[in-house]
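# Descriptive analysis of the structure
Now for the letters of each chain:
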Amino acid sequence: LSHELEESADILNPRMPNPTNARYEEWALWFQRCEKLLQDDVILIGHSLGGIFLAKYLSENTFSKRILATILVAAPFNDVSTEESLTDFALPDSLDRFAQQGGAIYIIQSTDDPIVPAGEAEKYARALPQSTQMMFTDRQHFHQETFPELCELIASL
């Protein structure tokens with residue numbers, strides 16, 4: 001994204017602490033520091049664990065900037081069969097606050113994802129009925145070099 005959108009957007013790609021032993025509270029503290037660097041009409045993108053983090057954080061906290069859109073890519077909805085437990089990242093019963101402040105919400109998933117089952121996107125769709133779903137069949141966990149559809153989506157916002 002940085003290369004594709006460098007002329008049309010300022011991109012902040014924070015490295016969250018302890019990615020191999022992630023703890024929600026550590027990520028929340030780090031994200032709060034990053035929030036101060038952002039401007040109104042920000043587009044937030046979370047991939048995998050970053051996606052469930054954004055859903056949880058925006059459901060439990062008031063974000064100080066106006067969010068134009070939130071894009072969750074291959075985000076687990078709950079503790080699915082993964083290499084690590086998502087207990088720290090468990091979503092609250094309601095995602096209403098996320099829906100209210102998350103701007104336009106997009107859920108992106110691939111049916112052949114070996115890490116996050118496609119059914120997780122369906123859970124987000126039920127919890128966030130106003131969200132837009134983008135389903136792919138051949139992207140696995142979205143570890144590709146380019147993602148032109150995501151770039152097009154961002155440019156359209």
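Heads up: the structure comes first, above all this text.
Residues numbered from 1 in each chain as written. Predicted model: local features only at pLDDT ≥ 70, side-chain atom pairs only at ≥ 80, totals over all residues. Heavy atoms only, no water.

### Here we look at the overall build of the chain
The line we're drawing: Per the convention used, a helix needs a DSSP run of H or I reaching at least four residues, while a strand needs a run of E reaching at least two, with both numbered from the N terminus. We compute the radius of gyration from the C-alpha atoms alone; for a globule the expected value is 2.2 Å times N to the 0.38, where N is the number of residues. Burial classes follow relative accessibility: with a 1.4 Å probe on protein chains only, a residue under 20% of its type's maximum area counts as buried, one over 50% as exposed, and anything between as partly exposed. The contact criterion used throughout is that any non-hydrogen atoms of two residues lie within 4.5 Å. Note on areas: Shrake-Rupley, 1.4 Å probe, and residue coverage restricted to the protein chains presented here. Charge counting follows a simple rule: Lys and Arg are positive, Asp and Glu are negative, and His as well as the terminal groups are ignored. To locate a charge, take atom NZ for lysine, CZ for arginine, CG for aspartate or CD for glutamate.
Check the secondary structure of the chain and you find six helices and four strands. Relative to the 2.2 N^0.38 estimate, which gives 15 Å for 157 residues, the radius of gyration of the chain is 15 Å and therefore close to what a compact globule would have. If one aligns the C-alpha atoms of the chain with their principal axes, the spans along those axes are about 35 × 35 × 30 Å. Looking at the 157 residues of the chain, the share that counts as buried comes to 43%. Put simply, of all contacts in the chain between residues at least 6 apart along the chain, 75% involve residues at least 24 apart. As displayed, the chain has an accessible area near 8900 Å², and 48% of this comes from carbon and sulfur atoms. Positive and negative side-chain charges of the chain, numbering 11 and 24 respectively, have mean locations separated by a distance of 8 Å.

### Here we look at the packing of helix 2 (residues 24–35) against helix 3 (residues 49–60)
Just so we agree on the cut-off: Here the axes come from fitting lines to C-alpha atoms, over the contacting stretch only for helices, and the angles between their N-to-C directions go from 0 to 180 degrees. Note on angle classes: values under 35 degrees are labelled roughly parallel, values over 145 roughly antiparallel, values of 65 to 115 roughly perpendicular, and the remainder oblique. When residues are grouped by polarity, Ala, Val, Leu, Ile, Met, Phe, Trp, Tyr, Cys and Pro land in nonpolar, Asp, Glu, Lys and Arg in charged, and all others, Gly among them, in polar.
Direction vectors running N to C along helix 2 and helix 3 enclose 75°, while the axes themselves pass 11 Å from each other. In terms of their interaxial angle, helix 2 and helix 3 are classed as roughly perpendicular. Across the interface between the two elements, Tyr-24, Trp-27, Ala-28, Phe-31, Gln-32 and Glu-35 of helix 2 pack against Leu-49, Gly-50, Phe-53, Leu-54, Lys-56, Tyr-57 and Glu-60 of helix 3. Tallied by class, residues from the contact of helix 2 with helix 3 come to eight nonpolar, two polar and three charged.

### Looking at a nonpolar patch on the surface
The test is simple: Residues forming no salt bridge and having over 30% relative accessible area are the ones grouped into patches, like charges within 9 Å of each other and nonpolar side chains (Val, Leu, Ile, Met, Phe, Trp, Tyr) within 5 Å. For salt bridges, the criterion is a side-chain nitrogen of Lys or Arg within 4 Å of an Asp or Glu carboxyl oxygen.
A contiguous nonpolar surface patch, about 230 Å² in accessible area, is contributed by Leu-1, Ile-11 and Ile-45. With respect to the secondary-structure elements, Ile-45 resides in strand 1 (residues 42–47).

### Some details on the environment of Thr-87
Here Thr-87 lies in the loop between strand 2 (67–73) and helix 4 (96–101). Take Thr-87: its relative accessible area is 55%, and that puts it in the exposed class. With 64 residues separating them in the primary sequence, Thr-87 and Arg-23 have C-alpha atoms 9.0 Å apart.

### Quick look at helix 3
Since one α-helical turn is 3.6 residues long, residues separated by three or four positions face the same way. The following threshold applies: Here the expected span of a helix is defined as 1.5 Å times the quantity of residues minus one.
The terminal C-alpha atoms of helix 3 lie 17 Å apart, and with 12 residues this matches the ideal 16 Å at 1.5 Å per residue to within 8%. In terms of burial, helix 3 is a largely internal element, 11 of the 12 residues being buried. Among the residues making up helix 3, those that are buried are Leu-49, Gly-50, Gly-51, Ile-52, Phe-53, Leu-54, Ala-55, Lys-56, Tyr-57, Leu-58 and Ser-59.

Honestly, it's all geometry; don't read function into it.
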